[in-house]
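Single-letter residue listing:
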Amino acid sequence: MYAKVYSSCLIGMEGQVIEVELNVHAGLPSFILIGLPSSTVRESAERIRTGIQNSKFEYPMRRITVNLAPSEIRKEGSTIDLAMAVALLISTKQIQLSNLESTLFVGEVALDGTIRRVSGVLSMVEDAKKRGFKRVVVPEENVGEALLIEGLEIYPIQSLNDLRMERSPILHADNTFTQTVWEIKSFGNQHGDYSACIGQTHAIRALTIAVAGNHHILFSGPPGSGKTMMMRLIPTIMPPLTNVQAIEVTKVYSIAEHYPGGLVQQRPMRAPHHTTTIAGLIGGGFKMKPGELSMAHHGVIFLDEFTEFPKHVLETLRQPLEEQRIVLSRAKQTLVYPSHVLLAAAMNPCPCGYYGYNNPSKKCGCTTSMVNKYQSKLSGPLLDRIDIVVSVPEVNLSTYQSLKPTPTSAELREQIQQAIAFRNQRNNHNEIIHKKAEKYIQEAFEKLGISMRARASILRVARTIADLDQSEEVKDYHLSEAIGYRNTILHKAMNQQTYG
């Protein structure tokens, strides 16, 4: 007795349709799984047997062979449980279901026969639609997630008992869900406004440029200067996610087993502690799950106390920041996770925090070797990938009342959206440099002695500044401002260590 049912499993960020072929034949009672199953998949044999028996179905005391195709792909997780149970019940003629060739079954079978939610359903349903499936049977707890992909019939299932002919969700159209509830979920600190950050006009200008052009940014300044507060407010000036981006972000959270219960429509912000591990930051571990960098996809990854992170952890950021993806290669498989993020980092300039700042009451007591050792935790190649470095001074309380008010987050967000719209409308997406600026570029680069990557970074920042000004050409004052964001004490120190 033979049956074939379709299921799916996760391969990194994407779903992979699996053909579940099951045959029941004469022989000693056994449950044989072939097709490169993982240990988790092998454990499904006992879950299925007990679940079927507790659902008052008959479990055949015969030889059961299950093949999971394609056989060259390693199958992970418990998402195939439901398909194997359905195939077994069909092959023993205990249930009858139609249109199996266009139906996908996803879910984990519990010992009492109930169907538990699984992670990554959004990716699996999206892949099923691409492959031409018409309907998907998912655990009831996963229905909202599955409905985010339109154009498919979604059938919820609570237990194996629902597969009986009189209760089968696939035989009763009134059990389908066809309307998607677009629920908004947000992450990070979305409260507050830049209007409260009086006296930090230069730093907020840099943040505006960083968000408008997705430039990585680093704040360096003494304790209490407002670095952390300004960084945590970045999501308040970011444009909303597009529908495609929202689906991508929600997929990451679903795979990481942090599904929020709806479509994520606000930019995520992740702020891992400086004790986080490499696997925690970029992903990996036993289950090869996405890390904090991928969880911040299309949003902000905020690394406070930047120099307190272990150096070997920070060095793993170099490739993801440049390629906007993370490739995790292990002996058994290679997975790719997205990391299109805005890196926002904050640090003190020295161990005591007051190096380079003229405050009579808070003088720096660090020696030159202490400062160099502290700043050397950031390598030159890593710092080269950070487009904007800003020195954030303390606000003078004696002149606080006379300082000009800072633009609100809404005003800054409007500026950024206009710059992005202008960039998208430009005929030529490359840098159009004004003739007067050509000579300025050459002289500035010769004096600074920077790398080619830093040169390209300065031109990108200058192009963003020009977009904020609604200028087709990059002019000399755009370049001057862009160079000012790299010509800092910290950048000079790194350049000396790396290139000189």
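Attention here is on the structure that accompanies the text. All values reported here derive from a predicted model rather than from experimental measurement.

Glancing now at the packing of aromatic side chains. Across all of its chains, the model carries 1 aromatic pair by this definition. With centroids separated by 5.4 Å and ring planes inclined at 70°, the aromatic side chains of Tyr 6 and Phe 133 adopt a geometry described as edge-to-face. In this pair, Tyr 6 is assigned in strand β1 (residues 2–11) and Phe 133 in the loop between α4 (121–130) and β8 (135–139), connecting sequence segments 127 residues apart. Across this residue pair, the class does not change: Tyr 6 and Phe 133 are buried. Its end group placed over the ring of Phe 57, Arg 164 keeps NZ or CZ at 4.0 Å from the ring centre.

Right, let's talk about the packing of helix α2 (residues 44–54) against helix α3 (residues 81–91) for a bit. Between α2 and α3, whose axes approach to 10 Å, the crossing angle comes to 55°. Here α2 lies oblique to α3, going by the angle between them. The handedness of the crossing between α2 and α3 comes out as right-handed. Where α2 abuts α3, its residues Ser 44, Arg 47, Ile 48 and Ile 52 lie against Asp 81, Met 84, Ala 85, Leu 88 and Leu 89.

This paragraph deals with the packing of helix α17 (residues 452–468) against helix α18 (residues 476–484). Following both chains from N to C, one finds α17 and α18 inclined at 125°, their axes separated by 8 Å at the closest point. As judged from the angle between their axes, α17 and α18 are oblique. Relative to α18, the crossing made by α17 is right-handed. Side by side, α17 and α18 meet where Ile 458, Leu 459, Val 461, Ala 462, Ile 465 and Ala 466 of the first sit next to His 478, Leu 479, Glu 481, Ala 482 and Ile 483 of the second. The residue inventory of the contact of α17 with α18, partitioned by class, reads 9 nonpolar, 1 polar and 1 charged.

Under the counting rule described, the total for this entry stands at 17 salt bridges. Across the salt bridge formed by Arg 135 and Glu 153, the nearest N and O atoms sit 3.6 Å from each other. In this pair, Arg 135 is assigned in strand β8 and Glu 153 in strand β9 (residues 153–157), connecting sequence segments 18 residues apart. Judged by its relative accessible area of 11%, Arg 135 falls in the buried class. The exposure class assigned to Glu 153 is partly exposed, which follows from its relative accessible area of 32%. Residue Arg 270 is joined to Glu 292 by a salt bridge in which the shortest nitrogen-to-oxygen separation is 2.7 Å. Within this pair, whereas Arg 270 is found in strand β11 (residues 269–270), its partner Glu 292 is found in helix α10 (residues 292–295), the two being separated by 22 residues in sequence. Among the charged side chains, a salt-bridge network with shared partners connects Glu 14, Glu 126 and Lys 251.

Here is what the cut-offs are and how they apply
- Residues numbered from 1 in each chain as written.
- Predicted model: local features only at pLDDT ≥ 70, side-chain atom pairs only at ≥ 80, totals over all residues.
- Heavy atoms only, no water.
- Phe/Tyr/Trp six-rings, centres within 6.5 Å; stacked < 30°, edge-to-face > 60°.
- Helix = DSSP H or I, 4+ residues; strand = E, 2+ residues; numbered from the N terminus.
- Buried < 20%, exposed > 50% of the residue type's maximum accessible area, 1.4 Å probe, protein only.
- Lys NZ or Arg CZ within 6 Å of the ring centre and 35° of its normal.
- Axes fitted to C-alpha atoms, helices over the stretch in contact; angles between N-to-C directions.
- Parallel < 35°, antiparallel > 145°, perpendicular 65-115°, else oblique.
- Left-handed = near helix turned anticlockwise from the far one by under 90°.
- Contact = heavy atoms within 4.5 Å.
- Nonpolar A, V, L, I, M, F, W, Y, C, P; charged D, E, K, R; others polar.
- Salt bridge = Lys/Arg side-chain N within 4 Å of Asp/Glu carboxyl O.

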